[in-house]
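# Structure at a glance
Chain residues, written in single-letter form:
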Amino acid sequence: MRLLHVPGVFQPRSDTWMLIDAMRRQALPTGARVLDLCTGSGAVAIAAARRDTAVTAVDVSRRALLSVRLNAQLNGVRVRALRGDLFDAVRGERFDLIVANPPYLPAKNDTLPARGRARAWDAGRDGRALLDPLCATAAAHLQPGGAILIVHSSVSDLTTTKRSLQATHLSVDIVAEHDGPLGPLLHERRDLLYDTGLLEPGAASERIAIIRGVRTQEATATATAAPAAATR
Ligand SMILES: C[S@@+](CC[C@H](N)C(=O)[O-])C[C@H]1O[C@@H](n2cnc3c(N)ncnc32)[C@H](O)[C@@H]1O
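No experiment lies behind these values; they were computed from the predicted model shown.

Cut-offs and rules
- Residues numbered from 1 in each chain as written.
- Predicted model: local features only at pLDDT ≥ 70, side-chain atom pairs only at ≥ 80, totals over all residues.
- Heavy atoms only, no water.
- Salt bridge = Lys/Arg side-chain N within 4 Å of Asp/Glu carboxyl O.
- Helix = DSSP H or I, 4+ residues; strand = E, 2+ residues; numbered from the N terminus.
- Buried < 20%, exposed > 50% of the residue type's maximum accessible area, 1.4 Å probe, protein only.
- Near = heavy atom within 4 Å.
- Polar contact = N/O pair within 3.5 Å; in protein donor to acceptor, adjacent residues only side chain to side chain.
- Areas by Shrake-Rupley, 256 points an atom, 1.4 Å probe, with all protein chains shown as cover.

## Let's talk about the pattern of salt bridges
For the coordinates displayed, the defined rule picks out nine salt bridges. The partner of Arg207 in a salt bridge is Asp179, and the shortest N-O contact between them spans 2.7 Å. Residue Arg207 is found in strand E7 (residues 205–214), and its partner Asp179 is found in strand E6 (residues 171–181); the two are separated by 28 residues along the sequence. On the basis of relative accessible area, Asp179 is assigned to the partly exposed category, the value being 47%.

Right under this line is the structure:
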């Protein structure tokens, strides 16, 4: 894949490629609808479009949209690029696969950056400002049998993500994981992470996981039979 770098747009890193690998291994029906949330450069969307799928890419950043459009053209694939906050731009739509590498780094405070590079990674004090609404809403955007793949760091509470996906009747598993040293941004913030208990004092590594939630046929039947249960 060839990628042009648009200044100010998150450049693909190792977790981007982990997500692409997991996405390639995910079985998809012919002509599947795929949503790449928080698309950044568009690398994941383009990899998906190469599988003969109908891909929508969403990002809140105008520069990211420019990037995904340029890069899709460069790679000879079609991607529908929409600007919006998480699922806002695809209200009422359902997908066979949703992929997301959202901002997930714990930050000094809960105010999310409205612009600038940090918008790609800052996610409030617990790192869950985007993960929480994403987990709560994903099931409503999945076709029966559809799946979501989310990039996750061990510092932003994998257990809460599992539970909130399960609360919406998705079946959850981990499809890839990798232990490694803290990335440069987390390394800079390690004292904050020790103070807030998000990292064991002295720890210098994190686990990156790809978590999958699947909307099984049984779960769909349960959700249809008792819609109120899913929201309580
Ligand atoms: C960690 S980057 C991931 C980029 C790309 N998917 C990748 O894996 O390389 C996160 C992206 O989320 C976007 N973003 C931040 N807040 C968002 C929101 N509320 N809704 C949609 N996209 C958002 C940022 O602009 C950034 O491009």
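Okay, back to it.
## A word on the site of the ligand
Near the ligand there are 17 residues, and of these Thr16, Cys38, Asp59, Asp85 and Asn101 occur at the shortest range. In the environment of the ligand, a nitrogen atom lies 3.3 Å from a nitrogen or oxygen atom belonging to the backbone of Val60. Interatomic distance of 3.5 Å between a backbone N/O atom of Gly84 and a nitrogen atom of the ligand. When the ligand is considered free in solution it has 600 Å² of accessible area, and contact with the protein chains removes 94% of it.

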